[in-house]
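# Survey of secondary and tertiary structure
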Amino acid sequence: MTDVRAGDFEGVAGRPVPNERERVEAENRRLAEERKKIVRDGPKLTGEKLAARLDATWRRPPGIIGWLATVDHKEIGRRYIITALIFLALGGVLALAMRLQLARPDSALIGADRYNQLFTMHGSTMMFLFAVPVMEGVALYIIPLMVGTRNTAFPRLNAFSYFMYLFGGLLLWGAFVLNIGPDAGWFSYTPLSGPQFSPGKRTDIWAQMITFTEVAALAAAVVMVCTILKCRAPGMTLARMPLFVWAMLVVAVMIIFSMPAVALASGMLISDRLIGTNFYNAAEHGDALLWQHLFWFFGHPEVYIIFLPATGFVSVIVETFCRRPVFAHAVVVLALISTGILAFGLWVHHMFATGLPRVGYSFYTAASMSVSIPTGLQIFCWLATMWDGRPRFQVPMLYVVGFIVTFVIGGLTGVMVAAVPLDLQLHDTYFVVAHFHYVLIGGAVFPLLGILTYWYPKITGRMMDDMLGKIGFWMVFLGFQLAFFPMHWSGMLGMPRRVYTYPAGLGLELPNQLSTIGAFVVGLAVVLFVVNAIVSLYRGRIAGPNPWGAPTLEWAVSSPPPVYNFAHVPVVESNTPLWDGDGKLPVVTGLRVDDKEMLLTTVVAATPDLREPVAAPSLWPFIAAIAVGIVFVASIFSPWAIAFGLVPCAIALTAWFWPKELKRHPEPVID
Amino acid sequence: MSFRRQGRAAVLALLLGACSYQRYQSDFGAAATQGRQFLTLFWIFLGVCLFMYALVIAFLVAGILRRRRATDANVVETGRHHQSHPLMRTTLIGWAALIGVGLTALAIASFFADRSMAEAATGEKLSVTVTGNQWWWDIRYNSDDASKTLRTANELHLPLGVPVRIQLASNDVIHSFWVPSLAGKQDLIPGRETGITIVPKKTGIFRGQCAEYCGTQHAHMALVVVVESYADFIKWWDHQLQPAPAPANPLTLAGYNYVTSGPCSACHNIGGTPASGQVAPDLTHLASRKSLAAGALPMGKGNLYGWVADPQSLKPGNKMPTIGLEPQQLHAVVAYLETLK
Amino acid sequence: MLEPRFTDDVAELPTYKFGPSSLTWWGIIGFMVIEGGFFALTFAAYFFIMGHEQGWPPEGRPPAALLAGTLFTILMLLSEIPNTMIKKAAEARDVAAVRLLLPVMVAIGVVLLVIRGFEFNSLNCRWTDDAYASVIWALLLLHAGHLLTDWFDTVVLTALMYTSVGYEGRRLVDVDENSLYWRYVWLLWIPIYLMIYWVPRL
């Protein structure tokens, strides 16, 4: 057969019969000649001339069409972050409404039905629409920059993922505004959420919101895994990968393994509700606990899916602000991986009160406690880095200190609730509410606020205001303690979670009043953060490429980065490339400039492997998301929607994946 | 109400752990073997956790306060950022070992507490079945002698020092049986048999509450538990076995007639009368209970009026409809219900 | 902005390779793991529900009839022969052979889908009957979806191979990976076949 080697036009273009050996070879020779004319970056094409040409090739079309069609990971990541922060604000408003209701005993401010919608919406919004997507958004923005590539893998899948997420969020909140918001709690236990006890469409909407966000999260996870494994800069071996990238690799793999569980669980729920299956129906040989097993098989890893990116943020901040790499890099990596594995072995600790065999409990107690070992080691490594370096306490670093002080409390109460005899008392009380807010806010939101301050100049080109940042930090930190510390106390006094009111005289008045005051302080601080972010967009100090003196590749490009990220693909020679070089950035050259192309490297050693054409902007991911979205929403009303809806979905997906023809007539090099 | 008094009480309770009014519905109650063992284990865990927390904070403070000269830190400015202090590696291993030892100790303590709870829960002398309903508790005292079995609702009486087996079942969704002062919680799951054994160690009145979200009125699904001496308990049981007293005057008779022939009897049972509904709380000795509507209201004439007249405004969404009684009917019904001592 | 220091040139790198070098290979592995997880959890649900039953199927219901499912299984396994031929042809860059064989796979897919229709008819239960019925319907339906997706994929790929883009080397990688996926489809079918037809007969 034809001798096809490297190049852009392999195969036998335009020749239907490949057996005609001579003609094929002639064609290949002609193509090889043409190949020499392709424009590539190199010592002769660099600097501004290269920037202008790359910009012309990579820039998306302007206007609303271009906006919808974009496949730039930075735009998609930014949208993810902003959308998730809006959902954070909405979820936060719900929290404040609940705190107002609970400020006084026997309060009649908000009725039972409305309150039940509030906490269901709060939990669902925070878990599915804020925490996971915001981590993904940050990662999608920063990881290609951090690993030195021009875009993520599968950029159209990335765009599709965002639209699916957006539609899921709009569905849930649209329903809530129409007063048909779900009210069965964010973990929607059957049979309460089943057809008999939750008639109407509320739970169906919840379940389909789950489907939307699962599809989005799974797509983003595949994008991240492939980007991290195949798109790293030459020389960035696995051992040299930044800790945040490691964290996101573990998280993406965890998403891939855990999210199918909740998709399956909610799929079974919705089929129980709509077409009369009996998965959870005890009267017909089903089992209500099947839901809990499936849900928590997802739900527990979910907590680490939220927490591990935050540990990556902490590593990034600690490294830059202590002026040295994190102590014991390998230990931190192993800690991340073992947390990821252990997270799948402890879902049953959410079910200690369900009366499962006692022998199994001891195993889950041990497993749940053992997950604190890798976390404890990570904490030590950060503290050792601070001790061994020269920490600068700028705003991101303050959030790290706040994180350690707060998160460790949550970790330790986590050890408490891992013990069966303690859990049977503390489970489903405000003690547990305090515990997981210490873990999720202290452990994930504090580092998130820190990292947003840290990467804000990279994303916008300007610094956030330092003074406002510091005031905001102290308000968040102190307000948080005021809001959530008393909850340990009210939980010990027997206050169950998810009650819309409580009687006077149980000693619950004071802790609840304190919590309400604290919650409003936190709310105010979040407003301050947003104000700071908006004002700094226009008034902030110009940042320059590397305002913090940081060591990783995202700081090697201008702020904000150009649409193609790197003019030449960088080469990495150490863990902290910008600290160890000779002041110049080592690069490889030879990627096409006249067509979108990026470099793939091998998985472990990151040696150059392939030149990969990058997908052009396209409306099809958006159209596909709409088609799939219509199927999901319509299936709530009729199962036939799935059959009919598959046709437009198939059309959209086919159009999306239909490959582009590589440019065969390269423009001549302009000197 | 006085904010200061409340504050003082809370602070006192914080310090002592178990202040008097905290016994009513509180993890500090320790009014049964299980609750006591919980509390012991809790203090052990708290101690170990505080110790570990203090270590972390000490290290953090040391890291913050340690001012190093620009020349001897292992940072990028000195070019020594790839080196680390030799002490750190040893400390890391020590820290890992400490966590391992601490967790092992706690796991063992937890295991033994669990086992001793299980041991204390043997030799049950009394069997009670508690069935969860949206949003009230159905209670049956089981006995081999059929004439001794007893059905009541929302108020559980337990004899002091006697191990009681409480069988748990649910008629609708998942609930959780939880009386914090006595013991940890246990779920009631439709289609599954669960149970809990309690050995009450202190007399008194305790409040329990459904701990698994079960729908609209989850917040008002409470349970009163009365722990009393064995003699008092037997007296109570014998009294509860009696049928409801016959109406003694025209007003209560009118109430009797309405309750036993009107819509009430479709759902409620009153022993010794034609009212024999089974889907709502048994009313035979309603007025002897301490609360109304599963702990939503204290028992009393005023609350009876309010509840019978308009249950939907006092506990919105509950399964008892607002019937719209005429004033005379209301007077009669309440007067009759008050006789159900 | 840092000045570049030029080290190496990648212009001569290929734009496609087969196997783990290919980006889409990793993407497909990712989606296989997702689907595998989905199926594995469905299997877990099946055994969880079976776990607290006295009889399986419960209440002495007859298990699914064997004919259609067994026929399906035999054909599914036999389809690996043309599938392997396609995979080898793609790796040998034999476009003509690929073009010839892909329609065969499409035809096999049609036959399989038709038999699958009869399989639903031979389950001896409706999904509403009880949890047993629900879960075996779910297994069969999920696999039918899996089959349908890959069949559709094959149809599109076949069409693609007859257009001008079909001559790019990257299309051969697509063919290669589509064959890989087909293997996954029948590999997953084996446990499902056992669970629907044979475990209830144990």
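Residues numbered from 1 in each chain as written. Chains lettered and ligands numbered in written order. Predicted model: local features only at pLDDT ≥ 70, side-chain atom pairs only at ≥ 80, totals over all residues.

### Regarding the overall build of chain C
A tally of regular secondary structure across chain C gives six helices and one strand. When the helices and strands of chain C are read in sequence order from the N terminus, they spell out β-α-α-α-α-α-α. Here the C-alpha radius of gyration of chain C, 21 Å, is well above what a compact globule of 202 residues would show, namely 17 Å. Expressed along its principal axes, the backbone C-alpha trace of chain C runs to roughly 75 × 45 × 25 Å. Here chain C, with 202 residues, has 39% of them falling under the buried criterion. (Helix = DSSP H or I, 4+ residues; strand = E, 2+ residues; numbered from the N terminus. Rg over C-alpha atoms; globule rule 2.2 N^0.38 Å. Buried ≥ 20, exposed ≤ 12 C-beta atoms within 10 Å, placed from the backbone.)

### Observations regarding the overall build of chain A
Within chain A one finds 20 helices and four strands. The C-alpha atoms of chain A give a radius of gyration of 26 Å, which matches the 26 Å a tight globule of 671 residues would have. Overall size of chain A, expressed as C-alpha extent along the three principal axes, is 90 × 65 × 50 Å. Evaluated residue by residue, chain A yields a buried proportion of 65% over its 671 residues. Taking the intrachain contacts of chain A between residues at least 6 apart in sequence as the baseline, contacts between residues at least 24 apart amount to 80%. (Contact = placed C-beta atoms within 7 Å.)

### Focus: the interface of chain B and chain A
On the chain A side, the residues contacting the 78 residues of chain B number 71 residues. Elements that contribute at least two residues to the side of chain B that touches chain A include exactly α1 (3-16), α2 (33-65), α3 (86-120) and β7 (186-188) of chain B. Here the side of chain B that touches chain A is composed, by residue class, of 43 nonpolar, 25 polar and 10 charged. (Nonpolar A, V, L, I, M, F, W, Y, C, P; charged D, E, K, R; others polar.)

### Here we look at the interface of chain A and chain C
With 70 residues of chain A at the contact, the number on the chain C side is 55 residues. If you list the elements that add at least two residues to the side of chain A that touches chain C, you get α7 (202-230), α8 (243-274), α9 (288-322), β2 (584-589), β3 (597-601), β4 (608-613) and α20 (640-657) of chain A. For the side of chain A that touches chain C, the per-class residue count stands at 41 nonpolar, 17 polar and 12 charged. The pairing of β2(A) with strand β1 (residues 3-9) of chain C spans six bridges and is classified as parallel. When the bridges of β1(C) are listed, V588(A) appears paired with D8(C). (Pairing = 2+ DSSP bridges.)

### Regarding the arrangement of the chains
In this assembly two pairs of chains touch, with chains A and B having more contacts than any other pair. Considering only C-alpha positions, the minimal separation of the non-contacting chain B and chain C is 11 Å.

### Observations concerning the environment of I323(B)
Mapped onto the fold, I323(B) is located in the loop between α8 (311-314) and α9 (327-338). In the structure, I323(B) is positioned 153 residues away from S170(B) in sequence and 27 Å away in space, judged by C-alpha atoms.

### Concerning the environment of F393(A)
Along the chain, F393(A) turns up in the loop between α12 (372-388) and α13 (395-418). Along the sequence, F393(A) and C322(A) sit 71 residues apart, while their C-alpha atoms lie 9.0 Å from each other.

### Some remarks on unusual backbone geometry
Residues and elements named next belong to chain A. For the bond from T190 to P191, the omega torsion is 0 degrees, close enough to zero to count as cis. For P191, the location among the structural elements is in the loop between α6 (155-177) and α7. Omega for the peptide link from S559 to P560 comes to -10 degrees, which places this bond in the cis form. Tracing the chain through its elements places P560 in the loop between α17 (509-539) and β1 (569-570).

### A closer look at the pairing of β4(A)
Walk down a regular strand and you will see the side chains alternate between the two sheet faces. All names here are of chain A. Taking burial as the measure, the six residues of β4 include six buried ones, the bulk of the element. Sheet topology note: the β3/β4 ladder contains five bridges and is antiparallel. In the sheet register, T601 faces β4, and the bridge partner there is P608.

### Quick notes on the sheet that holds strand β10 (residues 222-228) of chain B
All names here are of chain B. The sheet built from three strands is open, its strands ordered β4-β10-β9 with mixed pairing. Among the strands making up the open sheet, the edge pair consists of β4 (155-159) and β9 (204-209). Neighbour-to-neighbour, the strand axes of this sheet turn through a mean angle of 25 degrees, independent of strand direction. Packing against the sheet, helix α4 (residues 230-241) makes contact with β4 and β10, and its axis sits at approximately 140 degrees to β4. (Axes fitted to C-alpha atoms, helices over the stretch in contact; angles between N-to-C directions.)

### Topic: the sheet that holds β2(A)
By definition, the strands of a sheet pair up through backbone hydrogen bonds, in either a parallel or an antiparallel sense. Spatial strand order, β1(A)-β2(A)-β1(C): three strands in an open sheet with mixed pairing. Edge strands, defined here as strands with exactly one partner in the open sheet, are β1 of chain A together with β1 of chain C. Judged from the two bridges that link them, β1(A) and β2(A) form a sheet pairing that is antiparallel. Counterpart to V569(A) in the pairing with β2(A) is V588(A).

### Let's talk about helix α5 (residues 112-146) of chain A
Residues and elements named next belong to chain A. Compared with the 51 Å implied by 1.5 Å per residue over 35 residues, the 48 Å span of α5 between its first and last C-alpha is a close match. Of all the bends in α5, the largest measures some 35 degrees and sits at M126. α5 sits mainly inside the fold: 32 of its 35 residues count as buried. G148 sits one or two residues past α5 and shows a positive phi near 75 degrees. (Expected span 1.5 Å × (residues − 1). Bend = angle between axes of the 7 residues up to and from the residue.)

### Considerations on the confidence of the model for chain C
Looking at chain C as a whole, the pLDDT averages 93, with 100% of positions reaching at least 70. Reported for the predicted complex are a pTM of 0.94 and an ipTM of 0.95. (pLDDT = per-residue confidence, 0-100.)

### Some details on the packing of helix α10 (residues 329-342) of chain A against α12(A)
All names here are of chain A. The N-to-C vectors of α10 and α12 enclose an angle of 155 degrees; their axes lie 9 Å apart at closest approach. On the basis of their axis angle, the class for α10 and α12 is roughly antiparallel. For the element pair α10 and α12, the recorded crossing hand is left-handed. Packed against α10, whose contacting residues are V331, V332, A335, S338 and T339, the element α12 presents P374, T375, L377, Q378 and C381 at the interface. Here the contact of α10 with α12 is composed, by residue class, of six nonpolar, four polar and no charged. (Parallel < 35°, antiparallel > 145°, perpendicular 65-115°, else oblique. Left-handed = near helix turned anticlockwise from the far one by under 90°.)

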